[in-house]
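These are the residues of each chain, in order.
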Amino acid sequence: MQKTIYLADETALLGLAQQLAQSVSQHQALLRDQGLTMYLLGELGAGKTTFSRGFIQQLGHQGHVKSPTYTLVETYELPPWTVHHFDLYRLADAEELEFMGIRDYLGTDRIVLAEWPQRGEGYLPSPDLTIKIDYADQARSITLNARTERGRVLLDTMECETSS
Ligand code: ADP
Ligand code: MG
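Residues numbered from 1 in each chain as written. Chains lettered and ligands numbered in written order. Predicted model: local features only at pLDDT ≥ 70, side-chain atom pairs only at ≥ 80, totals over all residues. Heavy atoms only, no water.

Caption draft 1: Geometry of the nonpolar core. Core analysis: the biggest nonpolar cluster contains 33 residues, and L20, M38, F51, F55, I111 and I142 have the highest contact counts within it. Per-element tally for this core: the top contributor is helix 1 (residues 10–26), with 6 residues. Excluding anything up to four places from it in sequence, I142 contacts K3, T4, I5, L7, L13, L16, F51, I131, K132 and I133. If you look at the next biggest cluster of nonpolar residues, it comprises 13 residues, including V73, F86, L97 and W116. (Core = buried A, V, L, I, M, F, W, Y, C linked by side-chain atoms within 4.5 Å. Buried < 20%, exposed > 50% of the residue type's maximum accessible area, 1.4 Å probe, protein only. Helix = DSSP H or I, 4+ residues; strand = E, 2+ residues; numbered from the N terminus. Contact = heavy atoms within 4.5 Å.)

Here you go:
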């Protein structure tokens, strides 16, 4: 299942990210035992970190959402979830994820949001949802793609809300 949405400005993009977080909260009983993985795709400056900020703040984080470009991962404790926001742009070799103890990040009750997931291929869990952001001049278009049944459940809820 796939859905493409046109977003006129940053506020609209943040709104979509918030809607996704609300959908996650709504289905948390179903999602928690296996965790959730989302890949963020798109060029530099497309809005992947902006989307992550909207998502993480909607789940309850009050402060700044820092781009994990240099740290590779920023973790947020947002009960009942632990959110790991990865940015693998600067990762030279996917195997580095093994050395940083990637397995410790992948238990239950966790959400992985990953920018540049291609660079961690073979080490990151496979996605429930891919979120691709494309430039449309100053605006953006976002394509959400459900890759698992759990991703489909999330997308279903969002469709109800966006089609109204
Ligand atoms: P990425 O993480 O994909 O490299 P960022 O989220 O860090 O991108 O940056 C996106 C930039 O684009 C921000 O400076 C944001 O203000 C700007 N921007 C302009 N229009 C939009 C839009 N419609 N949606 C998201 N970001 C936008
Ligand atoms: Mg970024």
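Caption draft 2: Geometry of the site of ligand 1. For ligand 1, the set of nearby residues contains 14 residues, the closest of which are E10, G45, K48, T49 and T50. A distance of 3.3 Å separates an oxygen atom of ligand 1 from a polar atom in the backbone of A46. A distance of 3.2 Å separates an oxygen atom of ligand 1 from a polar atom in the side chain of E115. Contact with the protein chains hides 72% of the accessible area of ligand 1, taken as 580 Å² for the molecule alone. Listed by contribution, the elements that provide at least two residues to the shell around ligand 1 are helix 1 and helix 3 (48–58). Looking at which element gives the most residues to the shell around ligand 1, the answer is helix 3, with 3 residues. In terms of residue class, the shell around ligand 1 is made up of 3 nonpolar, 5 polar and 6 charged. (Near = heavy atom within 4 Å. Polar contact = N/O pair within 3.5 Å; in protein donor to acceptor, adjacent residues only side chain to side chain. Areas by Shrake-Rupley, 256 points an atom, 1.4 Å probe, with all protein chains shown as cover. Nonpolar A, V, L, I, M, F, W, Y, C, P; charged D, E, K, R; others polar.)

Caption draft 3: Expanded view of the packing of aromatic side chains. One pass over the structure, following the stated rule, counts 2 aromatic pairs. Ring centres of F86 and Y105 lie 5.7 Å apart, and the angle between their planes is 70 degrees; this geometry places the pair in the edge-to-face category. Of this pair, F86 sits in strand 4 (residues 81–87) while Y105 sits in the loop between helix 4 (96–99) and strand 5 (110–115), and the two are 19 residues apart along the sequence. On the accessibility criterion, Y105 (19% relative accessible area) is buried. Their ring planes at 55 degrees and their centres at 4.9 Å tell us that Y89 and W116 sit as a pair that is tilted. Here Y89, found in the loop between strand 4 and helix 4, pairs with W116, found in the loop between strand 5 and strand 6 (129–136); they are 27 residues apart in sequence, far enough to count as distant. (Phe/Tyr/Trp six-rings, centres within 6.5 Å; stacked < 30°, edge-to-face > 60°.)

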